[in-house]
Amino acid sequence: MNDYEIPKEFYSFETDTPFERCIECNKYLLDEETEYIIEKAVKNYKGYSAKDTVFDYAICLDCAEVMRKGISKESWESMMKYFQENMDVMTRLEMQDQSPDKSIRSCMVKKTNVEDCPEYQIYAHCKGEKLNMENPPYMISGEVMEELLPLLSDKTIDEMNGFIHKHFSPDPSIMEPVPPRIILV
Ligand SMILES: [Zn+2]
């Protein structure tokens, strides 16, 4: 497995530099051994190069674990089942060996090219200033988000909304429709 730097797509929209702090506990993330997740939701305008970052953040694994516990068991299982049924294991394994730039250019499930996705989310599992390629970065199209949403319980959706509102208020316009967050660690 190769060592990869964190692609610029995962830089903080606000600073255009790598994320340095956990959004929940403010832990410093760029120490060599520190693992964390970056998630970014993007809006794309077909035919234009401009993109909007709906939200982006980095979260340490401890805080990610706490959040994961807030997701109901049923929701978690439904999401896992969805990925098992809609994605072949080989795709994920192949991604460990392909360049991260390539991995986030198309939807991990639908294979849709990023330019053809009006909305999408990208995820990276990082360790200090590098990617953790055991869990390679990926992109999920808005289409997949829409399929996942009905699988989630109200409790889970409340939990996700709570997180989004806590960190990304006060612009209510970006809250519609509810952007589901999924952490696959
Ligand atoms: Zn944290």
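The text that follows walks through the structure, step by step, so that each part is easy to find. (Residues numbered from 1 in each chain as written. Predicted model: local features only at pLDDT ≥ 70, side-chain atom pairs only at ≥ 80, totals over all residues.)

## Here we look at the overall build of the chain
Right, so step 1: Scanning the chain from terminus to terminus reveals six helices and five strands.
Right, so step 2: From first element to last, N terminus to C terminus, the chain shows the α and β order β-β-α-α-α-α-β-β-β-α-α.
Right, so step 3: In terms of overall size, the chain behaves like a compact globule, its C-alpha atoms giving a radius of gyration of 16 Å where 185 residues would be expected to give roughly 16 Å.
Right, so step 4: Its C-alpha atoms give the chain principal-axis dimensions of about 40 × 35 × 35 Å.
Right, so step 5: Expressed as a percentage of the 185 residues in the chain, the buried residues total 29%. (Helix = DSSP H or I, 4+ residues; strand = E, 2+ residues; numbered from the N terminus. Rg over C-alpha atoms; globule rule 2.2 N^0.38 Å. Buried ≥ 20, exposed ≤ 12 C-beta atoms within 10 Å, placed from the backbone.)

## A closer look at unusual backbone geometry
Glycine aside, a negative phi is what most residues show, and trans is what most peptide bonds show.
Right, so step 1: In the Ramachandran plot, aspartate 16 falls in the positive-phi region, its phi being about 60° despite a non-glycine side chain.
Right, so step 2: Mapped onto the elements of the fold, aspartate 16 is located in the segment before strand E1 (35-44).
Right, so step 3: The class of aspartate 16 is exposed, set by 8 C-beta atoms lying within 10 Å.
Right, so step 4: Unusually for a residue other than glycine, asparagine 26 sits at a positive phi of about 70°.
Right, so step 5: Among the secondary structure elements, asparagine 26 is positioned in the segment before E1.

## Description of the environment of histidine 125
Right, so step 1: Tracing the sequence through the fold places histidine 125 in strand E3 (residues 119-127).
Right, so step 2: Judged by the 21 C-beta atoms lying within 10 Å of it, histidine 125 is buried.
Right, so step 3: Sequence separation of histidine 125 and glutamate 35 is 90 residues, and the distance between their C-alpha atoms is 7.2 Å.

## Notes on the nonpolar core
Right, so step 1: The biggest cluster of nonpolar side chains holds 34 residues, and the ones touching the most others in it are Ala58 and Ile59.
Right, so step 2: For this core, the elements supplying multiple residues, two or more each, are E1, strand E2 (51-60), E3, strand E5 (138-141) and helix H6 (154-168).
Right, so step 3: Dropping the residues within four chain positions of it, alanine 58 is found in contact with Phe19, Cys22, Ile23, Leu29, Tyr36, Ile37 and Ile38. (Core = buried A, V, L, I, M, F, W, Y, C linked by C-beta atoms within 7 Å. Contact = placed C-beta atoms within 7 Å.)

## Here's the deal with the pairing of E3
Right, so step 1: Counted residue by residue, E3 has eight buried out of nine residues, so it is predominantly covered.
Right, so step 2: As paired strands, E1 and E3 are joined by nine bridges and run antiparallel to one another. When the sheet's bridge partners are listed, lysine 40 is paired in E3 with isoleucine 122.
Right, so step 3: Pairing analysis gives four bridges linking E3 to E5, with the strands arranged antiparallel. Bridge pairing in E5 links tyrosine 123 to tyrosine 138.
Right, so step 4: Bridge count between E3 and strand E4 (residues 130-131): two bridges; the pairing is antiparallel. Bridge pairing in E4 links cysteine 126 to leucine 131.
Right, so step 5: Hairpin connection between E3 and E4: a loop of two residues separates the two successive antiparallel strands, and glycine 128 in this loop has a positive phi of roughly 60°. (Pairing = 2+ DSSP bridges.)

Just geometry here; none of it tells us what the structure is for.
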